[in-house]
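Residue-level structure breakdown
Spelled out from the first residue to the last, the chains are:
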Amino acid sequence: MISKKDVEYIANLANLEVDEADKDVFAKQLGDILEYVEKLNELDTDGVVPTAYTVPMKNVFREDKAEPSIKRDKALANAPDKKDGQFRVPPIISE
């Protein structure tokens, strides 16, 4: 069973302020959660392989290979502001 003191300790770890009235409510809720999780210990998990994913995972990335890049004129074609073959953007650091 979770006590009010446990709730205070958890709230302190999480840097939360908890009203005195809410401590009893949270103690019951946390106790119910732990009681439910404890039921998982009743399951027979012999022969079950531990895994991080519930479905098979495969790499969906394409092969990394060098290809010709886009020409500068085409890249700058729709740029709202350009100068000397480069994009111009508003300054973000002022002096």
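Residues numbered from 1 in each chain as written. Predicted model: local features only at pLDDT ≥ 70, side-chain atom pairs only at ≥ 80, totals over all residues. Heavy atoms only, no water.

1. Quick look at the environment of N12
With respect to the helices and strands, the residue N12 is situated in helix 1 (residues 4-13). With ten residues separating them along the chain, N12 and D22 place their C-alpha atoms 14 Å apart. (Helix = DSSP H or I, 4+ residues; strand = E, 2+ residues; numbered from the N terminus.)

2. Structural notes on unusual backbone geometry
For N15, which is not a glycine, the phi torsion comes out positive at approximately 55°. Structurally, N15 is set in the loop between helix 1 and helix 2 (20-38). With phi around 55°, D84 is a residue other than glycine that occupies positive phi space. Position of D84 among the secondary structure elements: in the loop between strand 1 (82-83) and strand 2 (86-87).

3. Details of helix 2
Spanning 19 residues, helix 2 covers 27 Å between terminal C-alpha atoms, matching the ideal 27 Å at 1.5 Å per step. Listed in full, the buried residues belonging to helix 2 are K23, A27 and G31. In an axial view of helix 2, the angular spread of the buried residues amounts to 65°, which keeps them on one side of the axis. In helix 2, the exposed positions that point more than 90 degrees away from the buried face belong to A21 and Y36. Along its buried surface, helix 2 packs onto helix 1. (Expected span 1.5 Å × (residues − 1). Buried < 20%, exposed > 50% of the residue type's maximum accessible area, 1.4 Å probe, protein only. Arc of directions from axis to C-beta. Contact = heavy atoms within 4.5 Å.)

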